[in-house]
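Read off the chains here:
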Amino acid sequence: MGTLIRNGSAHFEDKNVYASNVMPQKIRPTAEGLSSRSSMTWQSSVYRSIKIVIFSTKLNLLMPFGPLAILVHAFSGHNQGWVFFLCLLGITPLAERLGYATEQLAFYTGPTIGGLLNATFGNATELIIGIYALRNGMTRVVQLSLLGSILSNMLLVLGCAFFAGGLVFYRKEQVFDKASATVNSGLLLMAVMGLLFPAVLHFTHTEVHYGKSELALSRFSSCIMLVVYAAYLFFQLNTRKDSYVPLTEQGVDPPEDDDEVPEITKFETIVWLSIMTAWISILSEYLVDAIEGASLAWNIPIAFIGVILLPIVGNAAEHASAIMFAMKDKLDISLGVAIGSSTQISMFGIPFCVVVGWIMGEPMDLNFQLFETATLFITVIVVAFFLQEGTSNYFKGLMLILCYMIVAASFFVHEDPSSERGPKT
């Protein structure tokens, strides 16, 4: 009996030893499998993200022109015209993808912060180009590019949105919120006032301290405009918060086609925003350095390059978004993209560049010269008249597009008298 017990216990011990030897061997492949599976998941996630962001639109076929511009600059520094042209082509898809990544981030931040992010990153390209131009002392290029961005958004982008939406819904007039359009029109008129007084002070020679009062007034007005824009944001995001709340939260059933979901994760969105912003910054430096050379090589005025060509690149995201939403009969969003972007450039972008120039020691002011200020004033008045009824159709869009063509032709034959304006003393 004892032998039997000893044999049984020995057999039991042998089984335990065997089990102890076998069990780790069963766990070890499982851990390796999990590691391998997580690695494959991470790789597939990266591949899926690149496929969605990079290969989902044909406009990204222009992305290789960015590195090509850097190569042309490195091996043939005298061909500034080609460097400028290639940089324009290379930045265009980046600006559009920057807007796409911002829209994806808005899914995770909510409608309130998302609307603010769309407005901010939508104008990131213009601000990056402006800061690089300020660093190079090209204050006039900054003024012209910011002015061109406002004109492009108000006439070309809004006109194309009205025209495309009117063609799709040609049997009816599309409607939008008149109250919001009136507030934006008022802010644009205030921006015109901020630009008008320094120009009038300069051309009437009524400065108390010649060469200094104009700059001091510009800096004071810029600070006031920044305060007004901050108050406007508070008003929009708090007092009129309902305009940003989804329809489902207001007790209204959303349209059937509004079941959009984010295509990439929040972390991927932040990574892509960082990559696009950094790449735009690099190309913007080459773009700014090549502006004067391109003007001489192509025999095109710098005013035309700054007001017409640069904003077309910077407004690529706004242009595509505004047309897309207008064709879905979401005209309030199209109006927010076009007019909202113009409002932000005029009430934030321009004053911000004045303050940055102040910090850098550059004499950036609000005197955009008489021709440019008059063009902006007339444009704001024309657009305000188009918005006062709260309706749109393809004919209104066509008129806005033709107005932009007149503005473009005007700057093509306009010789900027202050393109070489030196620092004020």
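Residues numbered from 1 in each chain as written. Predicted model: local features only at pLDDT ≥ 70, side-chain atom pairs only at ≥ 80, totals over all residues. Heavy atoms only, no water.

The name given to the protein in an unreviewed UniProt entry is Vacuolar cation/proton exchanger, with Linum tenue as the source organism. Under the Subcellular location (unreviewed entry) heading, UniProt states for the protein: "Vacuole membrane". The protein has a UniProt comment under Function (unreviewed entry) that states "Vacuolar cation/proton exchanger (CAX). Translocates Ca(2+) and other metal ions into vacuoles using the proton gradient formed by H(+)-ATPase and H(+)-pyrophosphatase." (UniProt positions renumbered as here; feature names shortened; annotations may be inferred.)

Looking at this model, I keep getting lost on the overall build of the protein. Mind explaining?
Helix and strand counts for the protein come out as 15 helices and two strands. Classification of the 425 residues of the protein by burial places 46% in the buried group. Across the protein, contacts joining residues at least 24 apart in sequence account for 84% of those joining residues at least 6 apart. For the protein, the exposed surface amounts to about 21,400 Å²; the carbon and sulfur share of it is 68%. (Helix = DSSP H or I, 4+ residues; strand = E, 2+ residues; numbered from the N terminus. Buried < 20%, exposed > 50% of the residue type's maximum accessible area, 1.4 Å probe, protein only. Contact = heavy atoms within 4.5 Å. Areas by Shrake-Rupley, 256 points an atom, 1.4 Å probe, with all protein chains shown as cover.)

What exactly am I supposed to notice about the packing of helix H6 (residues 139-168) against helix H15 (residues 394-412) here?
When two helices pack together, their arrangement is given by the angle between the helix axes and the distance between those axes. Contact geometry for H6 and H15: axes closest at 7 Å, N-to-C directions at 150°. The orientation of H6 relative to H15 falls into the category roughly antiparallel. Considering only the axes of H6 and H15, their crossing is left-handed. Tallied by class, the residues present in the contact of H6 with H15 amount to 18 nonpolar, four polar and one charged. (Axes fitted to C-alpha atoms, helices over the stretch in contact; angles between N-to-C directions. Parallel < 35°, antiparallel > 145°, perpendicular 65-115°, else oblique. Left-handed = near helix turned anticlockwise from the far one by under 90°. Nonpolar A, V, L, I, M, F, W, Y, C, P; charged D, E, K, R; others polar.)

Can you walk me through the pattern of salt bridges in this structure?
Oppositely charged side chains may form a pair once their charged atoms are brought near each other. Under the defined criterion, the tally for this structure stands at six salt bridges. Between Arg140 and Glu372 there is a salt bridge, with the nearest N and O atoms lying 3.0 Å from each other. In this pair, Arg140 is assigned in helix H6 and Glu372 in helix H14 (residues 370-387), connecting sequence segments 232 residues apart. Comparing Arg140 with Glu372, the two get one shared label, buried. (Salt bridge = Lys/Arg side-chain N within 4 Å of Asp/Glu carboxyl O.)

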